[in-house]
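What follows is the residue order along each chain.
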Amino acid sequence: MAVSNDFLQYVLDQLSGWEKVHVNRMFGGAALYQEDLAFAMIANDIVYLKVDDTNKEKYIAAGSTQLKPFKNNATVLSFYNIPADVLENADEFVEWAKESLAIQKKRKGQY
């Protein structure tokens, strides 16, 4: 579940147009936070964003897969990887990330 420093810096650069994203490294991976809510996970240099019933179909249609952080292949159903073209387009990446943050806010009763 390793995350290279170069890849993490690239992801943060892509999100630099969005305020105050911070990182918490854990279990060899990393979680991305804004407003103290984790909206993304990075594992094996792949970015996964939080999903729910409101946006999961968009990820599935794009060919995204669920986060599998451990060797036993257990999946984390609420995080899907983002398509490469979204990651490469900073503005689009920020929009997808904001959508994932909104899901976390809704779950925490902040809406």
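Residues numbered from 1 in each chain as written. Predicted model: local features only at pLDDT ≥ 70, side-chain atom pairs only at ≥ 80, totals over all residues. Heavy atoms only, no water.

### What about the overall build of the protein chain?
Moving on, step 1. Within the protein chain, the regular secondary structure consists of four helices and six strands.
Moving on, step 2. For the protein chain, the α and β elements follow one another from N to C terminus as α-β-β-β-β-α-β-β-α-α.
Moving on, step 3. Looking at the protein chain as a whole, 43% of its 111 residues are labelled buried.
Moving on, step 4. Considering only contacts in the protein chain between residues 6 or more positions apart, those separated by 24 or more positions represent 54%.
Moving on, step 5. Summing over all exposed atoms, the protein chain offers an accessible surface of approximately 6300 Å²; the carbon and sulfur share of this is 48%. (Helix = DSSP H or I, 4+ residues; strand = E, 2+ residues; numbered from the N terminus. Buried < 20%, exposed > 50% of the residue type's maximum accessible area, 1.4 Å probe, protein only. Contact = heavy atoms within 4.5 Å. Areas by Shrake-Rupley, 256 points an atom, 1.4 Å probe, with all protein chains shown as cover.)

### Details of the confidence of the model for the protein chain
Moving on, step 1. Looking at the protein chain as a whole, its pLDDT mean stands at 88, while 89% of the residues score no less than 70.
Moving on, step 2. Of all helices and strands in the protein chain, the one with the weakest mean pLDDT is strand S6 (residues 76-81) (83), whereas helix H3 (residues 84-88) scores best (96). (pLDDT = per-residue confidence, 0-100.)

### Quick notes on the packing of aromatic side chains
Moving on, step 1. Following the criterion strictly, the structure yields four aromatic pairs and no others.
Moving on, step 2. The interplanar angle of 40 degrees and the centroid separation of 6.4 Å between the aromatic rings of Phe-7 and Tyr-10 together place this pair among those described as tilted. With Phe-7 and Tyr-10 both in helix H1 (residues 5-14), this residue pair falls three residues apart, about one helical turn.
Moving on, step 3. By relative accessible area, Phe-7 is classed as buried at 14%.
Moving on, step 4. Between Tyr-59 and Trp-96, the aromatic rings sit 4.9 Å apart at their centres with planes inclined by 65 degrees, giving edge-to-face as the arrangement. Residue Tyr-59 is located in helix H2 (residues 56-61), and its partner Trp-96 is located in helix H4 (residues 90-107); the two are separated by 37 residues in the primary sequence. One exposure class covers both Tyr-59 and Trp-96, and it is buried. (Phe/Tyr/Trp six-rings, centres within 6.5 Å; stacked < 30°, edge-to-face > 60°.)

### Details of the side chain of Ser-64
Moving on, step 1. Tracing the chain through its elements places Ser-64 in the loop between H2 and strand S5 (66-67).
Moving on, step 2. In terms of polar contacts, Ser-64 uses its side chain to reach the backbone carbonyl oxygen of Asn-81, at 2.6 Å.
Moving on, step 3. When sequence neighbours within four positions are dropped, the list of residues in contact with Ser-64 reads Tyr-59, Tyr-80, Asn-81, Ile-82 and Pro-83. (Polar contact = N/O pair within 3.5 Å; in protein donor to acceptor, adjacent residues only side chain to side chain.)

### Some thoughts on the pairing of strand S2 (residues 29-34)
Side chains on a regular strand alternate between the two faces of the sheet.
Moving on, step 1. The buried count for S2 comes to six of six residues, which makes it a mostly enclosed element.
Moving on, step 2. The side-chain alternation of S2 yields two buried faces, one formed by Gly-29, Ala-31 and Tyr-33 and the other by Ala-30, Leu-32 and Gln-34.
Moving on, step 3. As paired strands, strand S1 (residues 22-26) and S2 are joined by five bridges and run antiparallel to one another. Across the sheet, residue Met-26 finds its bridge partner in S2, namely Gly-29.
Moving on, step 4. Connecting the antiparallel pair S1 and S2 is a turn made up of two residues, with Phe-27 showing a positive phi of about 50 degrees.
Moving on, step 5. Sheet analysis places S2 next to strand S3 (residues 37-43), joined by five bridges and oriented antiparallel. Opposite Gln-34, over in S3, you have Leu-37 as the bridge partner. (Pairing = 2+ DSSP bridges.)

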